[in-house]
Amino acid sequence: MKLKDKNILITGASSGIGEALAKITSRMGARPILTARRKSRLERIQNEILQTTSFRPEIIPADICKGKDRAKIQAHLKNKNIPLHILVLNAGITAHGLFEKLDMKVIRKTMELNFFASVELTSLLLPFLQKTQGTKLISFVSTPSGLYGIPERSAYSASKAAGQVWMESLRMELKKDSIRTCIFCPGYTQTNLRTSGLAADGSILKEEQAKNSHTPEKAASILVRSIIKEKRIATTNLSGFIVYWLRTLAPALLEKMIIAKTMKKPC
Ligand SMILES: NC(=O)c1ccc[n+]([C@@H]2O[C@H](COP(=O)([O-])OP(=O)(O)OC[C@H]3O[C@@H](n4cnc5c(N)ncnc54)[C@H](OP(=O)(O)O)[C@@H]3O)[C@@H](O)[C@H]2O)c1
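Bear in mind the structure is a predicted one, so any value in this text is a computation, not a measurement. (Residues numbered from 1 in each chain as written. Predicted model: local features only at pLDDT ≥ 70, side-chain atom pairs only at ≥ 80, totals over all residues. Heavy atoms only, no water.)

Side note on a nonpolar patch on the surface
Part 1: Residues Leu238, Phe241, Trp245 and Leu249 make up a contiguous nonpolar surface patch of about 490 Å² in total accessible area.
Part 2: Within the element layout of this structure, Trp245 appears in helix α8 (residues 238-249).
Part 3: What makes Trp245 partly exposed here is its relative accessible area of 44%. (Patch = residues over 30% accessible without salt bridge, like charges linked within 9 Å, V, L, I, M, F, W, Y side chains within 5 Å. Areas by Shrake-Rupley, 256 points an atom, 1.4 Å probe, with all protein chains shown as cover. Salt bridge = Lys/Arg side-chain N within 4 Å of Asp/Glu carboxyl O. Helix = DSSP H or I, 4+ residues; strand = E, 2+ residues; numbered from the N terminus. Buried < 20%, exposed > 50% of the residue type's maximum accessible area, 1.4 Å probe, protein only.)

Take a look at the structure:
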């Protein structure tokens, strides 16, 4: 897939990996369409892209958990007659805490954004992808924690695992329409995820960045490569690679490694 002159709609484009993806793809000649809730941040990113590329990306402020906002995104493409080539389902939140302490609302909120909002938005935008000529692509931003359930991340792991298998089904179903699907599992990345996610009681998380985390620009550049190469699944670091292979080859060993890494101190 070539990015030049391709319209790429990115959810969660107001910060982190989504923001970096918008900037990198615009420098490569693509035309990003940015959506997220925070309009002022989208406007800032729009201006920054305009200054470096002289292209003014479309912005659509929207909460993708709300039906009327998803319809607004659909109407924006329809009214402006914008063909869609690439859809990146990147908006997401994390949720931390032992299952026995998790408020059920935390699980529902996590599933709502990380899974159902992406599914419902895709359902609205699929006809746009189907009627665009050439190869098209949907990328779902997941996590290595969606490849194998991680302790104290059950809601987050489950929401991303659901998205991954959904992508696998769509990959086969949509072959007839030349629509590929990619699953992207970045390792720890320095973004706001750990200060915007949910704690077990539903309050906002306040966690430090993970050790050995990389920049959003690095994660986004690997995401771009996975799109260009139309990869089924891609990760950014050794941990993701290890989880991917050990989950089938040696799950007991993988569980020992995960427990040693994540459950040293009580939650
Ligand atoms: N950072 C990591 O270590 C890491 C690792 C693996 C996977 N990931 C995944 O990477 C993706 C991007 O996260 P990030 O790390 O870049 O964190 P981030 O900076 O917090 O980005 C999350 C994005 O989602 C948007 N968002 C949240 N709720 C929304 C809603 N209801 N409607 C529309 N947009 C919403 C946020 O924008 P607004 O607040 O403006 O709406 C923001 O742009 C997520 O799916 C995450 O699970 C991250």
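Quick word on a positive patch on the surface
Part 1: A surface patch of like charges, here positive, comprises Lys218, Arg225, Lys229 and Lys231.
Part 2: Turning to its location among the elements, Lys231 is positioned in the loop between α7 (216-228) and β7 (233-235). (Lys, Arg positive; Asp, Glu negative; His and termini not counted. Charge placed at Lys NZ, Arg CZ, Asp CG, Glu CD.)

Let's talk about the sheet that holds strand β2 (residues 31-36)
Part 1: Taken together, the seven strands give an open sheet; going across it, the order is β3-β2-β1-β4-β5-β6-β7, and neighbouring strands pair in parallel fashion. Edge positions in the sheet fall to β3 (58-61) and β7, since each of these pairs with one other strand and no more. On average, adjacent strands in this sheet sit at an angle of 15 degrees to one another, irrespective of strand direction.
Part 2: Its contacts with the sheet place helix α3 (residues 67-79) against β1 (7-11), β2 and β3, and it is angled at close to 155 degrees to β3. (Pairing = 2+ DSSP bridges. Axes fitted to C-alpha atoms, helices over the stretch in contact; angles between N-to-C directions. Contact = heavy atoms within 4.5 Å.)

Here's the deal with unusual backbone geometry
Backbone geometry follows two general trends: most residues other than glycine have a negative phi, and most peptide bonds adopt the trans configuration.
Part 1: Although it is not a glycine, Ser54 sits at a positive phi angle of roughly 60 degrees.
Part 2: Note on placement: Ser54 falls in the loop between α2 (39-53) and β3.
Part 3: According to the relative accessible area criterion, Ser54 is exposed, its value standing at 64%.
Part 4: The backbone phi angle of Ser178 is positive, close to 60 degrees, even though this residue is not glycine.
Part 5: Given the relative accessible area of 28%, Ser178 is considered partly exposed.

These figures come from the coordinates and say nothing about function on their own.
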